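Per-entry structural report
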Amino acid sequence: MTTSTRTPPPAETVAPLQRVRRARGVALLGMIVLLAGCCVLSITVGARDVGPAEIWDGLMGRTDDIAQAAVAKRVPRTILAAAAGAALAISGLVLQGVTRNPLADPHILGLSTGASLAIVTGIAWFGLASATSYIWVAILGAGVTALFVWFIGSLGRGGPTPLKLTLAGAATTAALTSFVTAVVLPRPDIAESVISWEIGGVGGATASKLLQMGPFLVGGLVLSIWCARGLNMLGLGDDLAAGLGESVVRTRLLAGVAAVTLAGATTAITGPIGFVGLVVPHFARMLVGVDHRWLLPFSALGGASLLLVSDVVGRIILPPGEVDVGIITAIIGAPVFIAVVRTRRMREL
């Protein structure tokens, strides 16, 4: 009777892998420190700057003066900006993996606009009022839009290519935006609030809204993590992924549900915020490559940091007023969109 022993990998193979892991670990620690710094910046900087003592008093619930009240207002705003940025970045990363489209993003593919139309229709015609109902309706609208864009992009030769999906998403976004306007115009009683919400912002953050959206974001995150290995397989191509035992249809379906849930729940609370899901995943790939097990935490941290910084810039750029964060991310994201188109020439991931 013979026993087989596994031959250990040669030292020249192990050493580079260890260096890569150490480098990724250091980069991950750096991203965590960056996020912590952005959170501090978000709480301290605004129309009125605050100091450590005022921050402590505000965190303890004291609102005796303006500075303490400002801290109490900025804390939920900071949490919402970080959560929304992480959710949008992960949603964009997952959509890029599912479609193998470097330009996939909840805004570009129409998910955010579909969620917006569903919410506006619910407010105008069915009297929606609670944040929880907004979230469920937004997820439904984003899901229907995702299926429609995938169907349109799959028509013709070659199936759902990156170019066809992007064009289908752009056309769908334009059409749904017109529908939103058509729903709002006859309702002047809701027009002002809807138009403000459509720009995208985190200024209306409250503890109750955070608690209502939290379970949806956690569920979408857990499902995204569970699909990480499958997304790596999809990157090899459908045929090879199936040959390696991966269920291509199941992985796409579950990952799509995760992306739709994250995008829909975030849009319901913040309004449609574009380009976070496009910019951050490409930045993460520059740091850690194409392994989704590493891309997910880096995208989450990067998305949270980007939205926090964008919110701070929006507060200080035109004092004493504010520029909504959706405008800032569009200014940042549009050049990145053009750069990705020029460098990748609409190739698959």
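As shown above, the structure is provided for reference.
So, here's what we can say about the structure.

Parameters at a glance
- Residues numbered from 1 in each chain as written.
- Predicted model: local features only at pLDDT ≥ 70, side-chain atom pairs only at ≥ 80, totals over all residues.
- Heavy atoms only, no water.
- Helix = DSSP H or I, 4+ residues; strand = E, 2+ residues; numbered from the N terminus.
- Buried < 20%, exposed > 50% of the residue type's maximum accessible area, 1.4 Å probe, protein only.
- Contact = heavy atoms within 4.5 Å.
- Areas by Shrake-Rupley, 256 points an atom, 1.4 Å probe, with all protein chains shown as cover.
- Patch = residues over 30% accessible without salt bridge, like charges linked within 9 Å, V, L, I, M, F, W, Y side chains within 5 Å.
- Salt bridge = Lys/Arg side-chain N within 4 Å of Asp/Glu carboxyl O.
- Axes fitted to C-alpha atoms, helices over the stretch in contact; angles between N-to-C directions.
- Parallel < 35°, antiparallel > 145°, perpendicular 65-115°, else oblique.
- Left-handed = near helix turned anticlockwise from the far one by under 90°.
- Nonpolar A, V, L, I, M, F, W, Y, C, P; charged D, E, K, R; others polar.
- Phe/Tyr/Trp six-rings, centres within 6.5 Å; stacked < 30°, edge-to-face > 60°.
- Expected span 1.5 Å × (residues − 1).
- Core = buried A, V, L, I, M, F, W, Y, C linked by side-chain atoms within 4.5 Å.

Each helix and strand in the chain was counted, giving 14 helices and 0 strands. Its helices and strands in sequence order give the chain the pattern α-α-α-α-α-α-α-α-α-α-α-α-α-α, from N to C terminus. Taking all 349 residues of the chain together, the buried fraction comes to 49%. A fraction of 75% describes how many contacts in the chain between residues 6 or more apart in sequence connect residues 24 or more apart. Carbon and sulfur atoms provide 70% of the accessible area of the chain, an area that totals close to 17,000 Å².

Turning our attention to a nonpolar patch on the surface. Side chains of Phe148, Phe151, Ile152 and Leu155 sit close together on the surface and give an oily, nonpolar patch of about 380 Å² of accessible area. Locating Phe148 in the fold gives a position in helix 5 (residues 131-154).

We now examine the packing of helix 4 (residues 111-126) against helix 11 (residues 248-270). Here helix 4 crosses helix 11 at 50°, and the two axes come no closer than 9 Å. Put simply, helix 4 runs oblique to helix 11. Of the two elements, helix 4 crosses helix 11, and the hand of that crossing is right-handed. Mapping the contact onto sequence places Leu111, Ser112, Ala115, Ser116 and Ile119 in helix 4 and Val260, Ala263, Gly264, Thr267 and Ala268 in helix 11. In the contact of helix 4 with helix 11, the residues fall into 6 nonpolar, 4 polar and no charged.

By the definition in use, this model includes 2 aromatic pairs. Between Trp136 and Phe216, the aromatic rings sit 5.0 Å apart at their centres with planes inclined by 80°, giving edge-to-face as the arrangement. Of this pair, Trp136 sits in helix 5 while Phe216 sits in helix 8 (residues 207-226), and the two are 80 residues apart along the sequence. What makes Trp136 exposed here is its relative accessible area of 54%. With centroids separated by 6.3 Å and ring planes inclined at 45°, the aromatic side chains of Trp294 and Phe298 adopt a geometry described as tilted. Of the two residues, Trp294 and Phe298 are both situated in helix 13 (residues 292-316); the distance of 4 residues between them amounts to about one turn of the helix.

Let us now look at helix 12 (residues 276-288). Note that an α-helix has 3.6 residues per turn; residues three or four places apart therefore point the same way. With 13 residues, helix 12 should reach 18 Å at 1.5 Å per residue; the first-to-last C-alpha distance of 18 Å fits that figure. Burial analysis of helix 12 places 10 of its 13 residues in the buried class, which makes it a mostly covered element. Taken together, the buried positions of helix 12 are Val276, Gly277, Leu278, Val279, Val280, Pro281, His282, Ala284, Arg285 and Val288. Positive phi appears at Gly289, one or two residues downstream of helix 12, with a value of about 85°.

We now examine the nonpolar core. Generally speaking, a soluble globular protein has its nonpolar side chains buried in company with each other. By size, the foremost hydrophobic cluster in this structure holds 66 residues, and its most contacted members are Leu80, Val94, Leu111, Val120, Ile135 and Met213. It is helix 3 (residues 66-99) that contributes the most residues to this core, 10 residues altogether. Apart from the residues within four sequence positions on either side, Val120 is in contact with Val180, Val183, Val184, Val194, Trp197 and Glu198. Of all hydrophobic cores here, the second largest spans 9 residues; its members include Ala89, Ile273, Val276 and Val325.

Looking now at the environment of Leu109. Residue placement: Leu109 occurs in the loop between helix 3 and helix 4. Exposure remark for Leu109: the relative accessible area of 6% places this residue in the buried category. As a C-alpha pair, Leu109 and Thr166 span 57 residues in sequence and 6.4 Å in three-dimensional space. Residue contacts for Leu109: discarding those within four places in its chain leaves Leu95, Ala104, Thr145, Val149, Leu165, Gly169 and Thr173.

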